[in-house]
Each structure stands twice: as C-alpha cells, then as structure tokens.
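The primary structure of each chain is shown beneath.
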Amino acid sequence: GQNIDQPTEMTATEGAIVQINCTYQTSGFNGLFWYQQHAGEAPTFLSYNVLDGLEEKGRFSSFLSRSKGYSYLLLKELQMKDSASYLCAGVRGGATNKLIFGTGTLLAVQP
Amino acid sequence: DVKVTQSSRYLVKRTGEKVFLECVQDMDHENMFWYRQDPGLGLRLIYFSYDVKMKEKGDIPEGYSVSREKKERFSLILESASTNQTSMYLCASRTGTSAHNEQFFGPGTRLTVL
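**Student:** Hey, could you go over the overall build of chain A for me, with residue numbers and the actual values?
**Tutor:** Scanning chain A from N- to C-terminus turns up zero helices and 11 strands. The helix and strand sequence of chain A, counted from the amino end, reads β-β-β-β-β-β-β-β-β-β-β. With the principal axes as the frame, chain A shows a C-alpha extent of 45 × 30 × 20 Å. Here chain A, with 111 residues, has 49% of them falling under the buried criterion.

Here is the structure:
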C-alpha cells in the first residue's frame, strides 16, 4: 500500500530543537505537506515541499528528499504552545488528486 | 479570514439512526473533503467533491454518502449509524484542482454512536 510513516510520540524541552521524521514509498507521492493539530482543534497548514531541499519559515523548517522518500519537520526554539500533533501528508501521484496522511506525531514540550 | 465551519462539535446518536453532518466554507473553494480521524489510523478520506453535484469516493466510503447541492456546503450522511462509525469527522476545503494547494480544515465533529 501507500504508507506514510512517522513516530507516534516525541518529547522535547522548551527552547530546544526537535526533528520529526516522515518516510514514504518513493513511487507513490509527489509532494509533501506538514500540518499542526492542537488537541481538539482543526489541523492547520505548516509547510509544503514539492522539490528536494529545505524550506524555512520562521522557527519551522521542512525538508524533502524525493529519492529517499524522506521528509522532516524541524522546530527550533521550542515553546510550550508547540505541544501538538504534527501530521505528515503525501500528495498521491496520478489522477487521484488526494492526500494520504500519516498517523501523526504527538509532540510534548516540557519546561 | 478563511473559514470552514461544521454544524456540531459533539453529536451522540443511536445505532440505526440517520445522521447528517454539515460543512460550510466561505472561501468559494471548488473542492471539499470529508475525513474521519481515529487514534493510530490518522486521517482517512471518506468522500470528496470537486464541484457542485459532483462526488468521488475516497478510501473508506462504505456506510457513508454525501451531498453537494451548493458550492459552499458539503454534507456527510450516515444512512444507518453503527458503533464503528464513532469517530472524529473533519471537513476540509481547497481551492483549484491541484492537490498541491493546502486544505483548510473545520474544527471537527466528534460523533458517538451508542
């Protein structure tokens, strides 16, 4: 199948840097989204990568390697409000025009 | 500000009831989506619509139907609710035809079927 894999949970310390990884089958997808979802709230868009390399947006950066089927989200200068689930979603190739979501990584930021 | 709203945040229904979940977007988006979100399974696509009166099955359409009579409104229908349909239901919308455009999500409806 077309799976997107990411760790279930991570813990990090306020002020630190954390990297959340996402891997997928290379043949299935041609673009990758990251969304943030606080408990009980809607997912909100963080970043999108379609080409290889790093996209930086303030404290958040996202990286994509299409040949390796690998992406990561990098969060710097962690704040308590960054405690949330981070969802990786691949753009399915072909005419289907849909996203496939990973199960999400629950990040807990501790003081 | 972009807005996607859903008719209820919490809903409790009984097995066998017909359930309507409503979603409205104010962004004039062509595409609308219904997902369910379950622990350990992530978001899974139930149905989507790329235009008024058009619909396509997603990955898990069984037990569901949809209606899109107006561009801004996309309804999810559970014809006969079952306990395995207890879940968080998320609606989303997106402009244009490209899957590379971001989706905007509603706050979700937590449905419990007893």
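Next comes the rest of the write-up.
**Student:** Help me get a handle on the sheet that holds strand β6 (residues 53-57) of chain A, residues and values and all.
**Tutor:** By way of backbone hydrogen bonds, the strands of a sheet pair with one another, either parallel or antiparallel. Residue and element names in this part refer to chain A. Strand order in the open sheet formed by five strands is β1-β3-β8-β7-β6, with antiparallel pairing between adjacent strands. Taken across any chain shown, the strands that pair with only one partner, and hence form the sheet edges, are β1 (4-5) and β6. As paired elements, β6 and strand β7 (residues 60-65) share five bridges and run antiparallel to each other. Among the inter-strand pairings, glutamate 55 is bridged to a residue of β7, identified as serine 62.

**Student:** How would you explain the interface of chain B and chain A if you had to name every residue and give the values?
**Tutor:** Taken together, the contact pairs 24 residues of chain B with 22 residues of chain A. Together chain B and chain A conceal approximately 1,700 Å² of surface at their shared face, both sides included; 54% is due to carbon and sulfur atoms. Here chain B is connected to chain A by one salt bridge. Linking chain B with chain A are five residue pairs in polar contact (both at pLDDT 80 or more). For the side of chain B that touches chain A, the secondary-structure elements that each account for two or more residues are β4 (31-38), β5 (42-49) and β9 (87-94) of chain B. No other element matches the four residues that β5 of chain B contributes to the side of chain B that touches chain A. Across the side of chain B that touches chain A, the residue classes break down as nine nonpolar, 10 polar and five charged.

**Student:** How would you sum up the packing of aromatic side chains? Please name residues and give values.
**Tutor:** This model, assessed by the stated rule, comprises 16 aromatic pairs over all chains. Connected via pairs of aromatic rings, a cluster forms that spans Phe33, Tyr35, Phe45, Tyr48 and Phe101 of chain A together with Phe33, Tyr35, Phe48 and Phe105 of chain B.

**Student:** Give a description of the sheet that holds strand β7 (residues 64-70) of chain B that names residues and reports values.
**Tutor:** All names here are of chain B. The strand order β1-β3-β8-β7 describes an open sheet built from four strands, whose pairing is antiparallel. Both outer strands of the open sheet, β1 (4-6) and β7, are each paired with one neighbouring strand and no more. With direction set aside, neighbouring strand axes in the sheet form an average angle of 20°. Sheet topology note: the β7/strand β8 (residues 73-78) ladder contains five bridges and is antiparallel. Counted as the bridge partner of serine 67 is serine 75 from β8.

**Student:** Summarise the pattern of salt bridges; cite the residues concerned and give the values.
**Tutor:** All names here are of chain B. Scanning the model with the defined rule gives 10 salt bridges over all chains in all. Here glutamate 79 and lysine 18 are joined by a salt bridge, their closest N and O atoms 3.5 Å apart. Of the two residues, glutamate 79 is situated in the loop between β8 and β9 and lysine 18 in the loop between β2 (10-13) and β3 (19-25); the sequence distance between them amounts to 61 residues. Across the salt bridge formed by arginine 36 and aspartate 38, the nearest N and O atoms sit 2.8 Å from each other. Note on accessibility: arginine 36 and aspartate 38 belong to one class, buried. Beyond isolated ion pairs, a larger network of salt bridges with shared partners links Arg36, Asp38 and Arg44.

Conventions we followed
Residues numbered from 1 in each chain as written. Chains lettered and ligands numbered in written order. Predicted model: local features only at pLDDT ≥ 70, side-chain atom pairs only at ≥ 80, totals over all residues. Heavy atoms only, no water. Helix = DSSP H or I, 4+ residues; strand = E, 2+ residues; numbered from the N terminus. Buried < 20%, exposed > 50% of the residue type's maximum accessible area, 1.4 Å probe, protein only. Pairing = 2+ DSSP bridges. Contact = heavy atoms within 4.5 Å. Buried area = accessible area lost by both parts, 1.4 Å probe. Salt bridge = Lys/Arg side-chain N within 4 Å of Asp/Glu carboxyl O. Polar contact = N/O pair within 3.5 Å; in protein donor to acceptor, adjacent residues only side chain to side chain. Nonpolar A, V, L, I, M, F, W, Y, C, P; charged D, E, K, R; others polar. Phe/Tyr/Trp six-rings, centres within 6.5 Å; stacked < 30°, edge-to-face > 60°. Axes fitted to C-alpha atoms, helices over the stretch in contact; angles between N-to-C directions.

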